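Understanding the architecture of this molecule
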Amino acid sequence: SGNIAIVGADNEGTGDKSTGAAYIFERDSSGTWTEIQQLVASDAKKYANFGNSVDITDGLAIVGAINGENTEGKKVGTAYIFERDNSGSWTERQKIQASDAQENDQFSHSLAITNDLAIVAAINENTGGKEAGAVYIFERDSSGTWTEKQKLVASDAQGYARFGNSVAIRDHVALAGAINA
């Protein structure tokens with residue numbers, strides 16, 4: 001996004017610290033990219049795969065943890081939203097999960113963020129058939145809170161289609177691919 005980039009490293013760490021990370025890079029006026037900050041989840045868990053998917057735009061970053069846990073300890077998948085402050089530091093603002101999360105849905109397999117909207121895919125979600133997939137739209141309100149606004153499934157959903165294998169969002173238009181449709 002302009003002179004800022006994000007790179008995920010979902011197996012970052014060693015031993016019991018293999019939780020994942022994401023790295024923010026900034027390009028200077030000479031064109032040189034420099035790492036400026038490492039991002040980690042506030043609730044980092046071993047093998048959560050934080051950094052499996054990343055996106056960045058206009059002072060916002062979103063980082064997926066495909067095996068992130070819910071409050072019951074089930075690996076449902078999680079996305080974390082970070083915001084850049086006036087000093088240039090990135091801070092985790094919110095952890096988001098699907099309202100109907102189930103274990104192994106792989107929420108955050110792919111994701112994207114733009115302004116006040118985010119799209120997050122759960123490619124193993126089962127509403128349209130076994131592992132048919134679903135995508136979730138989140139919106140940021142005036143207080144800065146991100147809330148799930150809509151769940152989308154393919155109109156021709158079928159098992160193992162993995163709807164949401166790739167996603168994009170811009171100007172209130174969302175796209176989702178289904179790798180096996």
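Reading the values: the criteria
- Residues numbered from 1 in each chain as written.
- Predicted model: local features only at pLDDT ≥ 70, side-chain atom pairs only at ≥ 80, totals over all residues.
- Heavy atoms only, no water.
- Core = buried A, V, L, I, M, F, W, Y, C linked by side-chain atoms within 4.5 Å.
- Buried < 20%, exposed > 50% of the residue type's maximum accessible area, 1.4 Å probe, protein only.
- Contact = heavy atoms within 4.5 Å.
- Helix = DSSP H or I, 4+ residues; strand = E, 2+ residues; numbered from the N terminus.
- Salt bridge = Lys/Arg side-chain N within 4 Å of Asp/Glu carboxyl O.

As a rule of thumb, nonpolar side chains are buried together in soluble globular proteins. Counting 16 residues, the largest nonpolar core has I62, I96, F107, V120, F138 and W146 as its most contacted members. Beyond its immediate chain neighbours, meaning those up to four positions away, I62 contacts S53, V54, D55, A79, Y80, I81, I96, L111, A112, I113, A118 and V120. Counting 15 residues, the second largest nonpolar core, distinct from the first, contains I4, A41, I56 and Y80.

Along the chain, S89 falls in the loop between β6 (78-84) and β7 (90-96). What makes S89 partly exposed here is its relative accessible area of 33%. It is 16 Å that separates the C-alpha atoms of S89 and D28, two residues lying 61 residues apart in sequence. Ignoring any residue separated from it by four or fewer positions in sequence, one finds S89 in contact with Q37, E83 and R84.

Right, let's get into the pattern of salt bridges. Counted by the stated rule, this structure contains 8 salt bridges. What you see here is one network of salt bridges that share partners, running through D100, E125 and K151.

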